[in-house]
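Understanding the architecture of this molecule
Okay, here's what each chain looks like letter by letter:
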Amino acid sequence: MAVREVHLLHDGYLELDMGMLVYMKTPYYGIKYQAALKPLLVVTGSENILVDTGIAPLPQSLSKFVKYTKDTDIIQSLAGYGLVPDDISLVVNTHMHMDHCGNNRLFRKARYFVQRDELAYSANPDRFMRGGYVREFYQDLHFETVDGRHNLTNGVELMDTPGHTPGHQSVILQVGETKVVYTGDAAPLLENIERRDITGIVYDPVSELRSIDRLRAEGGSVIASHDLLQMSFDLKVP
Ligand SMILES: [Zn+2]
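Described below are features of the structure shown in this document. Values in this document were obtained by computation on a predicted structure and should not be read as measured data.

With respect to the coordination of the zinc ion
At the metal site, the zinc ion is ligated by Asp-99 (OD), His-100 (NE2), Asp-185 (OD) and His-226 (NE2), and these contacts range over 2.1 to 2.2 Å. In the primary sequence, the donor residues of the zinc ion line up as D-H-x84-D-x40-H. In this pair, Asp-185 sits in the loop between β13 (178-182) and α5 (190-194) while His-226 sits in the loop between β14 (221-223) and β15 (234-236), placing the two residues 41 residues apart along the sequence. On the basis of relative accessible area, Asp-185 is assigned to the buried category, the value being 5%.

Written out as structure tokens, the structure is:
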């Protein structure tokens, strides 16, 4: 059944250096940014879908270096729409970084979807990418994998957008007459899309730029994963 409602949720903020958000933009180096964690709720006639799940308490080895704060969390945020975790039937992870799959296990009744390449990479990331992945968040969960573009359900399409990570994906929604593009970390900020400036944390800069261009070609309303300029998005089909 078609998409009826789309809402941005909130799971607090992750402190990042702005240099991690835009590649080689030196004026951004050393500037702290409270990156918003914004999972997306998609309600269809038959499924309650969550795209990304925010962050959860980190292992001690990481908590010294990675700072996050929560003024609200994904559970409270879902409750605002009358939902509890067990109401979520599908979880889509754009990728397996800690701020995107941290709360996966709260959604015990959900099926989890990720790109096959991302799941494979998350089991054994290269040394320079290892800091983003927290195995405790996903290692014993069962994921269903997809390859490339994949129609998840009516009006909800997964689109492979590699670059930030090897198997990153974005989500393209058709909500009534409106197309919505949830970029994930292919574009943590709107300026990544608007200026074709790739993100600062990159596995492969060339494929990241191609992914940004493919997202730009989609058109529609763009939701960037961490941008503070865009803290709410609500759409309801009448
Ligand atoms: Zn992120």
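Looking at the sheet that holds strand β5 (residues 48-51)
If you walk across this open sheet you meet the seven strands as β9-β8-β7-β5-β4-β1-β15, and the pairing is mixed. Two strands close off the open sheet at either side, each with one partner strand: β9 (143-146) and β15. Pairs of neighbouring strands in the sheet enclose a mean axial angle of 20°, with direction left out of account. Strand direction decides the pairing type here: strand β1 (residues 3-8) and β15, joined by three bridges, are antiparallel.

Observations regarding the packing of aromatic side chains
Applying the stated criterion across every chain yields a total of four aromatic pairs. Ring geometry for Tyr-121 against Tyr-203: centres 5.2 Å apart, planes inclined by 65°, an arrangement best described as edge-to-face. Of this pair, Tyr-121 sits in helix α4 (residues 116-123) while Tyr-203 sits in the loop between α5 and α6 (205-218), and the two are 82 residues apart along the sequence. Residue classification places Tyr-121 among the buried positions, given a relative accessible area of 11%. Chaining the aromatic ring pairs together yields one cluster made of Tyr-121, Phe-128, Tyr-133 and Tyr-203.

Looking at a nonpolar patch on the surface
Taken together, the side chains of Tyr-23, Met-24 and Tyr-29 define a hydrophobic patch exposed on the protein surface, amounting to about 340 Å² of accessible area. When you line up the elements, Tyr-29 lands in the loop between β2 (13-17) and β3 (32-36).

As for the pairing of β5
Residues of β5 alternate between two faces, with Asn-48 and Leu-50 on one and Ile-49 and Val-51 on the opposite face, all of them buried. By the bridge criterion, four bridges tie strand β4 (residues 40-44) to β5 in an arrangement that is antiparallel. Paired with Leu-40 across the strands is Val-51, a residue of β5. Between β4 and β5, which pair antiparallel one after the other, the connecting turn spans three residues. The sheet contact formed by β5 and strand β7 (residues 90-92) spans three bridges and is parallel. By the bridge assignment for β7, Val-51 is matched with Val-92.

Rules used throughout
- Residues numbered from 1 in each chain as written.
- Predicted model: local features only at pLDDT ≥ 70, side-chain atom pairs only at ≥ 80, totals over all residues.
- Heavy atoms only, no water.
- Donors = N, O, S within 2.8 Å, 3.2 Å for Na, K, Ca; no water.
- Helix = DSSP H or I, 4+ residues; strand = E, 2+ residues; numbered from the N terminus.
- Buried < 20%, exposed > 50% of the residue type's maximum accessible area, 1.4 Å probe, protein only.
- Pairing = 2+ DSSP bridges.
- Axes fitted to C-alpha atoms, helices over the stretch in contact; angles between N-to-C directions.
- Phe/Tyr/Trp six-rings, centres within 6.5 Å; stacked < 30°, edge-to-face > 60°.
- Patch = residues over 30% accessible without salt bridge, like charges linked within 9 Å, V, L, I, M, F, W, Y side chains within 5 Å.
- Areas by Shrake-Rupley, 256 points an atom, 1.4 Å probe, with all protein chains shown as cover.
- Salt bridge = Lys/Arg side-chain N within 4 Å of Asp/Glu carboxyl O.

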